Amino acid sequence: LKQAAEVRTAAGACPIYIEPGSLAQVERLLSEHDVGRTVLVVGDSSVAEPWVESVAGTLRRSFEVEVALAGPGEAAKSWAGAEPLFDRLVEMRAERRDTVVAVGGGVVGDLAGFVAAIYLRGINLVQVPTSLLAMADAAIGGKTAINHPRGKNLIGAFHQPLFVLEDPEVLATMPERAFREGWAEVIKHGLIADLALLAFLEDHVAELQTRDVESLTRTLIASARVKAEIVSGDEREEGRRMWLNYGHTVGHAVEAASGYEAYLHGEADSVGMIAAAVIAESLGLLDGVAVRRHADVLSAYQLPLTVDGLTKNEICEAMTHDKKRRDGRQNWVLLDGLANPVIRADVGDDSIKRALLEVGIA
Ligand code: GLY
């Protein structure tokens, strides 16, 4: 199995493997590490996926494996959702060198990762993402978290996995809307850092939407490289990792103001990227062609460009809870030309108002 990308941090290197059929290799990859014999596989109870059992079955060749299911949905990312996983680890007498393997979408990865980060002050973690969103984003970079009732991902830890294993074949059975939202993060990586990836996305819409495995693999590798490179320079998000939040200022506010129900994360980010592009245009950073390119590629992947039923006041209130604020000031990730992110704290109310209007928020 060839390494597709690598996240380098003070904790060491985290390889990312992306290859069709690679799920079967998880036992061999884990055995290459100096780990204990006990493994807790955490899967998603809300998705009827064969992958959890297949990963657990493969691992049983060399490890003592138990399976725990989490979910359903975002509500699982809570203390109540974490407790049964801690109970299982205690019952299994899991030790520091033992391993949690997360098999699922972003919710499972964040929750299982958080449990692995704090149980015994940190045990081994392997991420096996099975959704496009988790493959493109959540599983890479070592962010783990649960939610607080007042905000998403407010309680968490940085905890890099031993490795990330992505098998593009598992995407074949993903439900359509959940599959579609993942494109927002892949497109984001193209827009902020990789014009060749952006062009590939623009030129291969049909193949990618019909989940052609070769095109998916190529895209996932390029996308993972963008994320891994950015995180490697700034694990703790003191600088350039903030670029990965392109579109998230308005995106998170849309999710929060709509109660995390009407819009999936990727859908909200799609709208947020349009807002960010319009703001960049009003500051003279992007031209109309670049803004149109945002809209064209996002709509080609059937992502929304506008939202319904949200007011400017609701969005502005939700934006004040943004984790990226510094000293009470909103930091915006904007593009000063495509693939050239900048952080700006000097965005005026008029620009924000105009951008929100553009995405249907008055
Ligand atoms: N999802 C953004 C990051 O990992 O930093």
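If you're wondering where the values come from, they're calculated on a predicted model, not measured in any experiment. (Residues numbered from 1 in each chain as written. Predicted model: local features only at pLDDT ≥ 70, side-chain atom pairs only at ≥ 80, totals over all residues. Heavy atoms only, no water.)

Asker: Got a minute to help me understand helix α14 (residues 349-358) in this structure?
Answerer: Given 3.6 residues to a turn, an α-helix orients residues that are three or four positions apart in the same direction. Taken as a whole, α14 has its buried residues at S351, I352, A355 and L356. Projected onto a plane normal to the axis of α14, the buried residues spread over an arc of 130° and lie on a single side. Summarising the geometry of α14, the exposed residues directed more than 90 degrees from the buried face are D349, D350 and L357. Buried residues in α14 make contact with α10 (248-257), α11 (265-282), α13 (312-319) and β10 (332-335). Following α14 by one or two positions, G360 has its phi on the positive side, about 90°. (Buried < 20%, exposed > 50% of the residue type's maximum accessible area, 1.4 Å probe, protein only. Helix = DSSP H or I, 4+ residues; strand = E, 2+ residues; numbered from the N terminus. Arc of directions from axis to C-beta. Contact = heavy atoms within 4.5 Å.)

Asker: Quick question: what am I supposed to make of the site of the ligand here?
Answerer: Taken together, D137, K143, K227, E237, R241 and L244 make up all the residues around the ligand. For the ligand, an oxygen atom lies 2.9 Å from a polar atom in the side chain of K143. Between the ligand and R241, the relevant distance is 2.7 Å, taken from an oxygen atom to a side-chain nitrogen or oxygen of the residue. Burial of the ligand by the protein chains amounts to 89% of its free accessible area of 200 Å². (Near = heavy atom within 4 Å. Polar contact = N/O pair within 3.5 Å; in protein donor to acceptor, adjacent residues only side chain to side chain. Areas by Shrake-Rupley, 256 points an atom, 1.4 Å probe, with all protein chains shown as cover.)

Asker: Got a minute to help me understand the nonpolar core in this structure?
Answerer: One broad trend across soluble globular proteins is that nonpolar side chains are buried collectively. Formed by 98 residues in total, the largest nonpolar core has its most connected members in L59 and W183. Broken down by element, this core gets its largest block of residues, 10 residues, from α11. Discounting residues that sit within four places of it in the chain, W183 has contacts with L132, L201, L208, L216, T219, Y301 and L303. Counting 24 residues, the second largest nonpolar core, distinct from the first, contains A82, V115, Y119 and I146. (Core = buried A, V, L, I, M, F, W, Y, C linked by side-chain atoms within 4.5 Å.)

Asker: I'm lost on the sheet that holds strand β4 (residues 64-70) in this one. Help?
Answerer: Backbone-to-backbone hydrogen bonds join strands into a sheet, with any given pair of strands oriented parallel or antiparallel. Taken in spatial order, the seven strands make up an open sheet running β1-β2-β9-β6-β5-β3-β4, and their pairing is mixed. Both outer strands of the open sheet, β1 (3-9) and β4, are each paired with one neighbouring strand and no more. Strand-to-strand twist in this sheet, taken as the mean axis angle between neighbours without regard to direction, amounts to 20°. Bridging between strand β5 (residues 99-104) and strand β6 (residues 124-129) involves six bridges; their strand directions are parallel. The residue of β6 that forms the bridge with A102 is Q127. Its contacts with the sheet put helix α4 (residues 106-118) on β3 (38-44), β4, β5 and β6, and the angle it makes with β5 is roughly 170°. (Pairing = 2+ DSSP bridges. Axes fitted to C-alpha atoms, helices over the stretch in contact; angles between N-to-C directions.)

Asker: Sorry if this is basic, but what is going on with the packing of aromatic side chains here?
Answerer: Within a pair of aromatic rings, the relevant descriptors are the distance that separates the centres and the angle that separates the planes. Considering all chains together, one arrives at four aromatic pairs under this definition. Through a chain of ring-to-ring contacts, three or more aromatic side chains come together here, namely F179, W183 and Y301. Cation over ring: R211 sits above F179, and NZ or CZ is 4.0 Å from the ring centre. (Phe/Tyr/Trp six-rings, centres within 6.5 Å; stacked < 30°, edge-to-face > 60°. Lys NZ or Arg CZ within 6 Å of the ring centre and 35° of its normal.)

Asker: Please explain unusual backbone geometry as it appears in this structure.
Answerer: Only a minority of non-glycine residues have a phi that is not negative, and only a minority of peptide bonds are not trans. For the bond running from G71 to P72, omega is 5°, close enough to zero to count as cis. When you line up the elements, P72 lands in the loop between β4 and α3 (79-91). Even without being a glycine, E237 presents a positive backbone phi close to 60°. Assignment of secondary structure puts E237 in the loop between α9 (213-233) and α10.

Keep in mind these values describe shape, not function.
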